[in-house]
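Chain residues, written in single-letter form:
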Amino acid sequence: MVTTIELQRSAKLSKEVMANVYRTMYLSRRLDDKEIQLKRQNKTFFQISGAGHEAINVAVALHLRPGYDWFYPYYRDRALCLQLGVSAHELLLAAVGAKDDATSAGRQMPSHWGYKKLHIVSQSSPTGTQILQAAGAADASRYFSAIREAAELASSFHADEVVYVSLGDGATSEGEFWESLNGAANVKAPLLYVVEDNGYAISVPVDVQTAGGNISRLVRGFPDLLTIECDGTDFLQSYEAAGRAVEYCRSRRGPALLHAHVVRPYSHSLSDDERAYKTEEVRREEAARDPLARWAKHLLDQGLLTEKELKEIEAGADREIRETADRALSAEPPARDSVLLYLYSPTVDPTSEHFDHPARFTGEPKTMVDLINACLNDEMARDPRVVVFGEDVADCGHEEDLPRVKGKGGVFKVTHGLQRRFGSARCYDSPLGEAGIVGRAIGMATRGLKPVVEIQFFDYIWPAMMQIRNEMGVLRWRSHNNFACPMVIRVPIGGYLAGGAIYHSQSGESIFTHLPGIRVVMPSTALDANGLLRTAIRSDDPVLFLEPKHLYRQTHNRSPHPGPDYMIPLGKAKLVCEGADLTIVTYGALVVRSLQAAQKLEAEGVRTEVLDLRSLQPYDWELIAASIKKTNRALVLYEDHLSFGYGAEIAARIADELFEYLDAPVRRLAGKDVYVPYHPRLEEAVLPQVGDIQQAARELAFY
Ligand SMILES: Cc1ncc(C[n+]2csc(CCOP(=O)(O)OP(=O)(O)O)c2C)c(N)n1
């Protein structure tokens, strides 16, 4: 639907509200000034202003409900936060990075909002990530409407709630913006986009940034998206436009995009001087549109406030800032030793015995695909908050055709039957966009759902890297445990496919184990996959669940179903073969190859111990150390490229901490530092084979 609204000045506001609007706008501007002063005095460490955006901010906030609606505000949204109920003191605590700063306890720069009570979700610095998360928060709203048992478990849900997200004109160029629009428009999500267009992204003018220079014109083809363009420096016009946009979302007609033209009088940030790229003429024109001055003039011209009343409002705000700045400057800084707190859930420990639940086997042996599928079935039945989405994961995109088709359920069939059993609200196809899958899952998880999403192949996880690295792994830590996104990303990984080639054989687990805040798991058997996935789903942390796809249907790793509560704690390796002469530390597809090599070595008189790590972050150092203290020789074996790989960390730690126990250098055997090629002969040359393991182990044993 293409909808552009003719704006009329019909807003009816009391004198008191209008005076308060001025107060918030003025307070916001003077807080910027105060922060700039403090930064120049080296009493704070960063400043970015909301100057020029105050009118649209306050206008939108007046239509929204703090602690009821959900907010993903851009860094310029100081006035929005104030209007929603954040105090000047709270903002200044963030500027000084105080221990009691509610956004992050000194971990984030100021203007990275996050106030749990008000539902202002912790924000980060990448310009586009919040947009997909907001779409996810709106997805959660739709989910709660559809699945009442889940809504009953939600910390907050209202049938007419709205999710607010704001961004700059520059940020509309991020792919995440377009992914979000496609997703939100397609499902009529109750998502309000406010594009605060100040004409520049740092120094890049909007006509250089955006085709045709006008974002609302570009997005008008999205069905069910209401687009409204307004002068965001004119409070009344902004108020009316925001009212219509919010009402559209509240009444569940679809998402709305409010394109507000604003100005940016204080340069991009304190590190920028706009005179380097804006002419005096442009700056003069922008100054004439300053929303604060315009609103003051309107109030005086219309006789709504006297000069004296205006001055009283200003004096009151100035006083508040002075007092609160003094208090903020003497606030206690965060303790140095607090820095490691809240990388992971402080209350749910997936390495604990609580997650050690014995198996009660039933039925015939099943493959890894079957037992992952069984775990998803069990967990979806157990917890209405578990939701599965990704590319092709549904059985049939057109639900009405389900009775007449066999059902897809993922390219590897891991999610087969979930849509049929649990319905299309709980298992559905996402658009083809990995950032969207992860970003939306983060938004849903923040609201208390448990997304278990699939990235179709590890090789295609990279578009989601921004969301994984800068959001999923960071959210809990950066918000000082105020927000979290416990979720699971399932990813088929690795080679040995004979034909998988460069783009269907990749490994790369070390890139993720390197990231604080994320658990990384890689099972090598059907039973472990079942038990570890259940732990991942029931844990309170984000988990990257890597499934060696070569093992999906192998008969050697099959197991009967271990029961609906079977769990293996994270960080527990498995001793899969006992030996006395050397230890192979490995995981994934190389476990079975190590066992085959160990058997052959046995015939040569070499007794090989094999450890399957199963969980890569955290990993079982205790078992590794115990084994090497016994065998005194270590071979670290992994499928990924040798250099800078996961095994490099393990090998380094063994050399560091177990040096006195070693009778030989720590050895590594891994994939070559080259891509996995298509022809099986070439693939064999790249990935470690049983013969290679045998040779490396033999050399080590006889070193
Ligand atoms: C993904 C990403 N790329 C680059 C940056 C650096 N950066 C910070 S703000 C900014 C410009 C943003 O412009 P716009 O969205 O128009 O917002 P404005 O600052 O004008 O309000 C850039 C390039 C960033 N923070 N994140």
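Look a little higher up for the structure.
Note that the structure is predicted; figures quoted are calculated from it, not measured. (Residues numbered from 1 in each chain as written. Predicted model: local features only at pLDDT ≥ 70, side-chain atom pairs only at ≥ 80, totals over all residues. Heavy atoms only, no water.)

A. Expanded view of unusual backbone geometry. Cis geometry marks the peptide bond from Gln617 to Pro618, where omega comes out at 5°. With respect to the element layout, Pro618 can be found in the loop between strand S19 (615-617) and helix H22 (621-631). Its identity as a non-glycine residue notwithstanding, Tyr342 has a phi of 70°, on the positive side. Mapped onto the fold, Tyr342 is located in the loop between helix H13 (307-329) and strand S8 (362-366). Classification of Tyr342 by relative accessible area gives partly exposed; the value is 22%. (Helix = DSSP H or I, 4+ residues; strand = E, 2+ residues; numbered from the N terminus. Buried < 20%, exposed > 50% of the residue type's maximum accessible area, 1.4 Å probe, protein only.)

B. Here's a closer look at the packing of aromatic side chains. Considering all chains together, one arrives at 19 aromatic pairs under this definition. Each ring, one from Phe458 and one from Trp462, has its centre 5.5 Å from the other, and the planes form 85°; the classification is edge-to-face. Looking at Phe458, the relative accessible area reads 0%, which means it is buried. When its relative accessible area of 32% is taken as the criterion, Trp462 is described as partly exposed. (Phe/Tyr/Trp six-rings, centres within 6.5 Å; stacked < 30°, edge-to-face > 60°.)

C. Summary view of helix H23 (residues 646-657). For H23, which comprises twelve residues, the first-to-last C-alpha distance of 17 Å matches the rise-based estimate of 16 Å (1.5 Å per residue) to within 8%. Residues of H23 that are buried: Tyr646, Gly647, Ile650, Ala651 and Ile654. Along H23, the residues classed as buried sweep out an arc of 125° about the axis, all on the same side. Its buried side turned inward, H23 meets helix H19 (509-513), strand S17 (582-586), S19, H22, strand S20 (634-641) and strand S21 (667-671). (Expected span 1.5 Å × (residues − 1). Arc of directions from axis to C-beta. Contact = heavy atoms within 4.5 Å.)

D. Examining the packing of helix H14 (residues 368-382) against helix H20 (residues 526-538) more closely. Closest axis-to-axis distance for the H14/H20 pair is 8 Å, and the angle between their directions is 30°. Our classification of the angle between H14 and H20 gives roughly parallel. The two elements H14 and H20 meet at a crossing, and its hand is right-handed. Within the contact between the two elements, H14 uses Met368, Leu371, Ile372, Ala374, Cys375, Leu376, Asp378, Glu379 and Arg382 and H20 uses Ala526, Leu527, Ala529, Asn530, Leu533, Arg534, Ile537 and Arg538. Here the residues of the contact of H14 with H20 sort into eleven nonpolar, one polar and five charged. (Axes fitted to C-alpha atoms, helices over the stretch in contact; angles between N-to-C directions. Parallel < 35°, antiparallel > 145°, perpendicular 65-115°, else oblique. Left-handed = near helix turned anticlockwise from the far one by under 90°. Nonpolar A, V, L, I, M, F, W, Y, C, P; charged D, E, K, R; others polar.)

E. Representation of the site of the ligand within the structure. The local shell around the ligand holds 17 residues, among which Tyr74, Tyr75, Arg76, Gly170 and Tyr200 are the closest. Tyr74 is positioned with one of its side-chain polar atoms (N or O) 2.7 Å from an oxygen atom of the ligand. His268 has a polar side-chain atom sitting 3.4 Å from an oxygen atom of the ligand. Taking 590 Å² as the accessible area of the ligand by itself, protein coverage stands at 74%. A per-class count over the shell around the ligand returns eight nonpolar, six polar and three charged. (Near = heavy atom within 4 Å. Polar contact = N/O pair within 3.5 Å; in protein donor to acceptor, adjacent residues only side chain to side chain. Areas by Shrake-Rupley, 256 points an atom, 1.4 Å probe, with all protein chains shown as cover.)

F. Spatial organisation of the nonpolar core. If you look at the biggest cluster of nonpolar residues, it comprises 89 residues, and the most contacted ones within it are Leu191, Tyr193, Ile468, Ile489, Ile624 and Ile654. At eight residues, the largest contribution of residues to this core is made by helix H5 (residues 129-146). If we ignore the near neighbours within four places in the chain, the residues touching Ile654 are Trp621, Ile624, Ile628, Ala634, Val636, Phe659, Leu662 and Val666. By size, the runner-up hydrophobic cluster in this structure holds 65 residues, among which are Ala55, Ile56, Leu118 and Leu299. (Core = buried A, V, L, I, M, F, W, Y, C linked by side-chain atoms within 4.5 Å.)

G. Layout of helix H7 (residues 175-187). Here H7 contains 13 residues, and its C-alpha end-to-end distance of 19 Å stays within 8% of the 18 Å for a straight helix at 1.5 Å per residue. The complete set of buried residues in H7 reads Glu176, Phe177, Ser180, Leu181, Gly183, Ala184 and Ala185. Positive phi shows up at Lys188, right after H7, with a value of about 55°.

H. A look at a positive patch on the surface. A surface patch of positive charge is lined by Lys406, Lys408, Lys413 and Arg553. For Lys406, the position within the fold is in the loop between strand S9 (386-390) and helix H15 (418-422). Of the residues examined, Lys406 reaches a relative accessible area of 71% and is grouped as exposed. (Patch = residues over 30% accessible without salt bridge, like charges linked within 9 Å, V, L, I, M, F, W, Y side chains within 5 Å. Salt bridge = Lys/Arg side-chain N within 4 Å of Asp/Glu carboxyl O. Lys, Arg positive; Asp, Glu negative; His and termini not counted. Charge placed at Lys NZ, Arg CZ, Asp CG, Glu CD.)

I. Region of interest: the sheet that holds strand S11 (residues 450-454). With mixed pairing, the seven strands of this open sheet are ordered in space as S10-S9-S11-S12-S14-S13-S19. Whereas interior strands pair on both sides, the edge strands pair on one side only; in this sheet they are strand S10 (427-429) and S19. Shown here is a sheet whose adjacent strand axes are inclined to one another by a mean of 20°, direction ignored. As paired elements, strand S12 (residues 488-493) and strand S14 (residues 543-548) share six bridges and run parallel to each other. For Val488, the partnering residue across the bridge sits in S14 and is Val543. Sitting on the sheet, H20 touches S9, S11, S12, strand S13 (519-521) and S14, and the angle it makes with S14 is about 165°. (Pairing = 2+ DSSP bridges.)

J. Main features of the pattern of salt bridges. Within this structure, the stated rule accounts for 47 salt bridges. Lys15 is the partner of Glu309 in a salt bridge, and the nearest nitrogen-oxygen pair spans 3.2 Å. Here the residue Glu309 occupies a position in helix H13, and Lys15 occupies one in helix H1 (residues 15-40), the gap between them amounting to 294 residues. Classification of Glu309 by relative accessible area gives partly exposed; the value is 26%. Here Lys15 falls in the partly exposed class, since its relative accessible area comes to 44%. The salt bridge involving Arg490 is made with Glu454; its shortest N-O contact spans 2.8 Å. Of the two residues, Arg490 is situated in strand S12 and Glu454 in strand S11; the sequence distance between them amounts to 36 residues. As far as the burial class goes, Arg490 and Glu454 line up, both buried. Via salt bridges that share partners, Arg264, Asp272, Glu274, Lys278, Glu280, Arg283 and Glu286 belong to a single interconnected network.

K. Representation of the sheet that holds S21 in the model. Spatially, S16-S18-S17-S20-S21 is the arrangement adopted by the five strands of the open sheet, whose pairing is mixed. Among the strands making up the open sheet, the edge pair consists of strand S16 (574-577) and S21. Across this sheet, the average inter-strand angle for adjacent strands is 25°, counted without regard to direction. Where S20 lies against S21, five bridges are found, and the strand directions are parallel. Its bridge partner being in S21, Leu637 is matched across the sheet by Leu669. Sheet strands in contact with H22 are S16, S17, strand S18 (608-612) and S20, and its direction is about 175° off that of S18.

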